[in-house]
Amino acid sequence: GEFGVDHVLVATLVIRAGASCIQAELKDFLQVDPKQPAYKDVRYLLVDPSCSGSGIAGRLDEGLENDDVRNDKSRLQKLANFQAKILKHALSFPSAERVVYSTCSVHEEENECVVQDVLGQVEGSFELEELLPSFEHRGLEKFGVGKKCIRMSAETDATHGFFVACFVKRRE
């Protein structure tokens, strides 16, 4: 089949990184059966789902008329539900050891709320790893998961808004 633009980008980044154990596929992730032979041994997953994109500088600079649409609570809740569904699916892979969740959103609904909600559902199997312990800018303190997450913004880090959390399989 023909690769889409995203597939080509991923393949290019993989080659540049020198990685040889990555296989990118253009599929509906929620339709992938983690127990199928092709996926049962997958140990590492990167979950970078669709999000509001509120942290992207170009979008931050758009006119005010778009702010009320971007910040619409109903839309954010729908995105958060979708993000949580994808994250939970990634955590259901039987051999998953480490699952990284990231967004380019500045909204807590898509970041700390999703991580806290999903962690509460998988806490017996997974825990959060504190990412880059010496990095100053953490997730929002009002969330118990915040101190283990990374949150970047144009104001504090001279970069796009970015959020990342890492789920690690608990050792028995």
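Report follows, based on the coordinates. (Residues numbered from 1 in each chain as written. Predicted model: local features only at pLDDT ≥ 70, side-chain atom pairs only at ≥ 80, totals over all residues. Heavy atoms only, no water.)

1. Description of the nonpolar core
Here is the rule we go by: Working definition of a nonpolar core: buried Ala, Val, Leu, Ile, Met, Phe, Trp, Tyr and Cys residues. They are joined through side-chain atoms within 4.5 Å. Residue exposure (1.4 Å probe, protein chains only): buried if accessible area is under 20% of the type maximum, exposed if over 50%, otherwise partly exposed. Secondary structure is summarised from DSSP: a helix means a run of H or I of at least four residues, a strand means a run of E of at least two, and numbering begins at the N terminus for each. Residue contacts follow a heavy-atom distance rule, with two residues in contact if any of their heavy atoms lie within 4.5 Å.
Ranked by size, the top nonpolar core spans 27 residues in total, and within it Leu87, Val99, Val115 and Phe167 carry the most contacts. Ranked by residues supplied to this core, first place goes to helix H4 (residues 73–91) with 6 residues. Leave out the neighbours within four places in its chain, and Val115 touches Tyr101, Leu128, Val145, Cys149, Phe163, Ala165 and Phe167. Leu131, Ile150, Val164 and Cys166 belong to the second-largest nonpolar core, a separate cluster that totals 5 residues.

2. Describing helix H5 (residues 112–122)
Owing to its 3.6 residues per turn, the α-helix brings residues three or four apart onto one side. Just so we agree on the cut-off: When we speak of the arc, we mean the arc of directions from the helix axis to the C-beta atoms.
Residues Glu112, Val114, Val115, Val118, Leu119 and Val122 constitute the buried set of H5. Each buried residue of H5 sits inside an arc of 160 degrees when the element is viewed along its axis, so together they form one side. Looking at the packing, one finds that the buried side of H5 touches H4, strand S2 (98–103), strand S3 (126–129), strand S4 (150–152) and strand S5 (162–169).

3. Some words on the packing of aromatic side chains
Stated precisely, the cut-off is as follows: Centres within 6.5 Å are what make two rings of Phe, Tyr or Trp a pair, Trp counting through its six-membered ring; a difference in plane orientation under 30 degrees is then read as stacked, over 60 as edge-to-face, and the rest as tilted.
Summed over the entire model, instances satisfying the criterion amount to 3 aromatic pairs. Ring geometry for Phe29 against Phe93: centres 5.7 Å apart, planes inclined by 0 degrees, an arrangement best described as stacked. With Phe29 in the loop between helix H1 (5–17) and strand S1 (44–47) and Phe93 in the loop between H4 and S2, this pair connects stretches of sequence that are 64 residues apart. Look at Phe29 and you get partly exposed, because its relative accessible area is 25%. Classification of Phe93 as buried rests on a relative accessible area of 3%. Ring pairing ties together the aromatic residues Phe29, Tyr39 and Phe93, which thus form one cluster.

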